[in-house]
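Listed below, chain by chain, are the residues.
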Amino acid sequence: MNLRSPRSEAIGLGSAKHGFSHWWWQRVTAIALVPLCLWFVYSILCLMNGGYDVATAWLSSPLNATLMLVFVLAMLFHAQTGLQVVIEDYVHTKWMNLTLLLIVKFSAAVLAVLATISVLKVALGG
């Protein structure tokens, strides 16, 4: 015979209240990536016939450099957040879960740093 009420049994089994943040940032970055992707595709199409000098001159523009950085960083954050949710939901082995999460977060951080350095190097004429 169980003397606990149904409410007391359910306490602690519900939502951990941390999933909303991932959901929210996935939507925010997805909405931000729509115009950024359109800008990126349009830019690539316009630059397709130009050479290296045209591309570096284009990226040297402060507006294009800023939009490129925002595009790459938003895309990396969106991918990292999405992969984190997938790993947390579907990888049930504790050590594998932790290993994959560390790889995803570390990879996203390294790519963000490399992309930022690369864009700034071209934009500042280095």
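The coordinates are above.
Residues numbered from 1 in each chain as written. Predicted model: local features only at pLDDT ≥ 70, side-chain atom pairs only at ≥ 80, totals over all residues. Heavy atoms only, no water.

A. Spatial organisation of the overall build of the protein. Looking only at helices and strands, one finds five helices and zero strands in the protein. If you list the helices and strands of the protein from N to C, you get α-α-α-α-α. Over its C-alpha atoms the protein spans a radius of gyration of 21 Å, topping by over 25% the 14 Å that the globule rule assigns to 126 residues. Overall, the C-alpha framework of the protein stretches about 80 × 30 × 20 Å when taken along its three principal axes. In the protein, which comprises 126 residues, the proportion classed as buried is 25%. Within the protein, contacts between residues separated by at least 24 positions form 69% of all contacts whose residues are at least 6 apart in sequence. Positive and negative side-chain charges in the protein, numbering 7 and 4 respectively, have mean positions lying 9 Å apart. (Helix = DSSP H or I, 4+ residues; strand = E, 2+ residues; numbered from the N terminus. Rg over C-alpha atoms; globule rule 2.2 N^0.38 Å. Buried < 20%, exposed > 50% of the residue type's maximum accessible area, 1.4 Å probe, protein only. Contact = heavy atoms within 4.5 Å. Lys, Arg positive; Asp, Glu negative; His and termini not counted. Charge placed at Lys NZ, Arg CZ, Asp CG, Glu CD.)

B. Layout of the packing of aromatic side chains. Scanning the model with the defined rule gives three aromatic pairs in all. An angle of 20° between the planes, with centres 4.8 Å apart, marks the rings of Phe40 and Phe71 as stacked. Linking Phe40 in helix α2 (residues 19-47) with Phe71 in helix α4 (residues 62-90), this pair joins segments that are 31 residues apart in sequence. Look at Phe40 and you get partly exposed, because its relative accessible area is 26%. Assessed through its relative accessible area of 6%, Phe71 is described here as buried. (Phe/Tyr/Trp six-rings, centres within 6.5 Å; stacked < 30°, edge-to-face > 60°.)

C. Quick peek at the nonpolar core. With 17 residues, the main nonpolar core has Trp58, Leu59, Met68, Phe71, Val72 and Val119 as its most contacted residues. A total of seven residues in this core trace back to one element, the largest contributor, which is α4. With residues up to four places along the chain from it excluded, the contact list for Met68 reads Trp39, Phe40, Trp58, Leu59 and Val119. (Core = buried A, V, L, I, M, F, W, Y, C linked by side-chain atoms within 4.5 Å.)

Nothing here speaks to function; it is geometry throughout.
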